[in-house]
Amino acid sequence: MPITLYDLAGADPALRFSPYCWRTRLALAHKGLAVEAVAWRMTEKDRIAFSGQGRVPVLVDGEKALCDSWAIADYLDEAYPDRASLFGGSAGRAHARFINGWADEILNPGIARLVLTDIASVLDAKDRAYFRQTREQRFGLPLEQVVAGREERVVTWRAQLAPVRNVLARQPWLGGAAPDYADYILLGSLQWPRCVSRFALLEEDDPVAEWQRRGLALFDGLLGKAKRV
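Below is a short write-up of the structure. (Residues numbered from 1 in each chain as written. Predicted model: local features only at pLDDT ≥ 70, side-chain atom pairs only at ≥ 80, totals over all residues. Heavy atoms only, no water.)

1. Digging into the layout of surface pockets
One number sums up the size of the largest pocket: a volume of about 880 Å³. Forming the walls of the largest pocket are 34 residues, and the residues nearest its centre are Tyr20, Arg55, Val56, Arg135 and Arg138. Among the elements of the structure, α1 (19-31), α2 (69-79), α3 (90-122) and α4 (125-139) are those that each provide at least two residues to the lining of the largest pocket. It is α3 that provides the largest number of residues to the lining of the largest pocket, a total of nine residues. (1 Å grid on protein atoms, 1.4 Å probe; cavity = no way out; pocket = protein on both sides within 12 Å on 5 of 7 lines; lining within 4 Å. Points joined across faces, edges and corners; volume = space filled by probe spheres on them. Helix = DSSP H or I, 4+ residues; strand = E, 2+ residues; numbered from the N terminus.)

Structural data, given as structure tokens:
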């Protein structure tokens, strides 16, 4: 029986854009595990009520149900130790945990401030009011004001990626010679705006953009072949 993943979708069920769900999709691919990715919308809380909360990703593996992308990655490494490790040991896990926290607290909020209106435009009709209300409450401004001036502000956002550039100057992946979960965290974050927006977050000659292009080809183009606006 394949693993089931409840995966955030837009009005088009083929448009999947949650950075956290993409982390999980990449982790499953790394493990070589088959998955059925089920389209889920933000207001469909009842469909994942069995998980005890209201956000995706939610992964169902047999009788086991898990939420939170980090907890899912932990579970996959422990439940399938005979398959390629996501972390490569305790040191790699600690490294990935730092990347996870940095992405959640710094990188992703910055991305949101650049593409919130683009996200709103791709949502299913039943999700639009919910998205606007919850995000305007979170940011304290109308969505249009949050993204105002993004052409200038994106320069500051790009500067936050300097540590990543420093690492990639010395090795091909954040995980070293080959990608690991640290790479999948950041690839998931960048896949989010790539799917919902045509606003260019990265410059073409940015080493991070080159790393992302290599990431798009992983697992038979899992990211690269994904539906975009």
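2. Topic: the environment of Gln171
Relative to the helices and strands, Gln171 is located in the loop between α7 (162-168) and α8 (181-196). Within polar-contact distance, the side chain of Gln171 engages the backbone oxygen of Trp173 at 2.8 Å. Side-chain polar atoms of Gln171 contact the backbone oxygen of Leu174, separated by 3.2 Å. (Polar contact = N/O pair within 3.5 Å; in protein donor to acceptor, adjacent residues only side chain to side chain.)

3. So, the pattern of salt bridges
Tallying each qualifying case throughout the model produces 17 salt bridges. A salt bridge links Arg93 to Asp74; the nearest nitrogen and oxygen atoms lie 1.9 Å apart. Of this pair, Arg93 sits in helix α3 while Asp74 is found in helix α2, placing the two residues 19 residues apart along the sequence. Of the residues examined, Arg93 reaches a relative accessible area of 23% and is grouped as partly exposed. (Salt bridge = Lys/Arg side-chain N within 4 Å of Asp/Glu carboxyl O. Buried < 20%, exposed > 50% of the residue type's maximum accessible area, 1.4 Å probe, protein only.)

Note that all results are geometric; they support no functional claim without further evidence.
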